[in-house]
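One letter stands for each residue in the lines below.
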Amino acid sequence: MAARSKGAVGIIGLGIMGGAFARNLVQAGFRVTGYDIDPARRRAMVRAGVTIAPDIAAAAAAARFVITSLPSAKALHAVVDQIVAAKLEPKIVAEASTFTLADKIAAETALKKAGHTLLDTPMSGTGAQAAVKDLVVLASGESKAVKAMRPVLEGFSRVVYDLGVFGNGSRMKYVANLLVAVHNVASAEAMVLGMKAGLDPKQVLEVISAGAGTSRMFEMRAPMMVADRYEPPTMKIDVWRKDMDVIGAFAEDLGVPTPTFSATGPVYAAARSMGLGLQDTGAVCTVLERMAGVTRRKGTGKGRRKGAGPRRRA
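Residues numbered from 1 in each chain as written. Predicted model: local features only at pLDDT ≥ 70, side-chain atom pairs only at ≥ 80, totals over all residues. Heavy atoms only, no water.

- The protein carries the name NAD(P)-dependent oxidoreductase in an unreviewed UniProt entry, which gives Rhodoplanes azumiensis as its organism.

Written out as structure tokens, the structure is:
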């Protein structure tokens, strides 16, 4: 572990993403104080070298720079209320979650009145990418604050973009997540087509990853699809529903048609109805396998449709 000489950071929310931020910042040499409502997460972070604060206000008070990584807009507003009520010295707070612009702006307004600066800094990347510092930070807000917090953001990411006015980070995240939604389902569709055709899923992964049809999502999620294993999740289907709703509303407000994105919605909904909500979003492959009548061959991972071999055209 690197010598802790780079300053202090407070993190509120130590889930898949926030926990990865904390671990990587500790390894990068920062003193990290965190808080989460989940006792198991708190215990895990202690083992990773994080100091656990007794409450939200204490986590924010521990450092000039604070990161929030939260599951819902309700949680964001509750955290903001507690920081405001604590009457702390001015903080720069990087809000790393995916919420509506209205929720982010409301949080910014409340913190600004209390003397703090909120940055809109959602992340492009999954939990698995966060674990290995393969995140892209989509920062927006006061440029001086972004510059001041850049060393912290770089402590857990691959690259940091300053996208200008507050809210541009979220706008860019909506664009990025639209593509993630599409590529994830497209990856499952391709894998199921290959399996039903009698191809070895491992070879599908290898060959497509090397060719023109690949994508980052295919390369990340197809290995899960090959293994038919979607836990531990890098993004839970239940959480992804919130992001999908935000993107859809954003596009609708702008009057932008999203036919491909919209077509993925029923697939994710079917996954939830099948009880897969706590699994990784790659589990949409299970939905398409069932629709296609694919059954896995034990011990090989190969899939074929029920009955005879692939149909041939006359």
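Back to the write-up after that little detour.
## Here we look at the pattern of salt bridges
Stage number 1. Scanning the entire structure with this criterion turns up eleven salt bridges.
Stage number 2. In this structure, the salt-bridge partner of K104 is E95, at a minimum N-O distance of 2.9 Å. For the pair formed by K104 and E95, the shared burial category is buried.
Stage number 3. Note that R296 is salt-bridged to E289, the shortest N-O span being 2.8 Å.
Stage number 4. On the accessibility criterion, E289 (6% relative accessible area) is buried.
Stage number 5. Salt bridges linked by common partners bring D36, D38 and R41 together as one network. (Salt bridge = Lys/Arg side-chain N within 4 Å of Asp/Glu carboxyl O. Buried < 20%, exposed > 50% of the residue type's maximum accessible area, 1.4 Å probe, protein only.)

## Quick word on the sheet that holds strand β1 (residues 8-12)
Stage number 1. Strand order in the open sheet formed by six strands is β3-β2-β1-β4-β5-β6, and the pairing between neighbours is parallel. The open sheet is flanked by β3 (51-52) and β6 (117-120), the only strands paired with a single partner. (Pairing = 2+ DSSP bridges. Helix = DSSP H or I, 4+ residues; strand = E, 2+ residues; numbered from the N terminus.)

## Comments concerning the UniProt feature "domain: 6-phosphogluconate dehydrogenase NADP-binding" (unreviewed entry) in the protein
Stage number 1. UniProt records the feature "domain: 6-phosphogluconate dehydrogenase NADP-binding" (unreviewed entry) for residues 9-161 in the present numbering.
Stage number 2. Counting secondary structure, residues 9-161 comes out at 46% helix and 21% strand; the distance between its end C-alpha atoms is 20 Å. (UniProt positions renumbered as here; feature names shortened; annotations may be inferred.)

## Structural notes on the packing of helix α11 (residues 237-254) against helix α12 (residues 259-273)
Stage number 1. At a closest axis distance of 11 Å, the pairing of α11 and α12 adopts a crossing angle of 155°. Taken together, α11 and α12 sit at an angle that is classed as roughly antiparallel. Viewed along their axes, α11 and α12 form a crossing whose handedness is left-handed. Contact residues: I237, D238, W240, R241, M244, I247 and G248 in α11; F261, T264, G265, Y268, A271 and R272 in α12.
Stage number 2. Considered class by class, the residues forming the contact of α11 with α12 number seven nonpolar, three polar and three charged. (Axes fitted to C-alpha atoms, helices over the stretch in contact; angles between N-to-C directions. Parallel < 35°, antiparallel > 145°, perpendicular 65-115°, else oblique. Left-handed = near helix turned anticlockwise from the far one by under 90°. Contact = heavy atoms within 4.5 Å. Nonpolar A, V, L, I, M, F, W, Y, C, P; charged D, E, K, R; others polar.)

## Considerations on the UniProt feature "domain: 3-hydroxyisobutyrate dehydrogenase-like NAD-binding" (unreviewed entry) in the protein
Stage number 1. UniProt feature "domain: 3-hydroxyisobutyrate dehydrogenase-like NAD-binding" (unreviewed entry): in the numbering of this structure it lies at residues 167-287.
Stage number 2. Between the C-alpha atoms that bound residues 167-287 there is a distance of 35 Å. The span itself is 73% helix and 0% strand.

## Section: the pairing of strand β4 (residues 65-68)
Stage number 1. Across the two faces of β4 the burial is the same, with F65 and I67 and V66 and T68 all buried.
Stage number 2. As paired elements, β1 and β4 share four bridges and run parallel to each other. Opposite I11, over in β4, you have I67 as the bridge partner.
Stage number 3. Note that β4 and strand β5 (residues 92-95) share four bridges and pair parallel. By the bridge assignment, F65 is partnered in β5 with I92.
Stage number 4. Crossover connection from β4 via helix α4 (residues 73-85) to parallel β5: handedness right-handed. (Right-handed = clockwise from strand over helix to strand, strands pointing away.)

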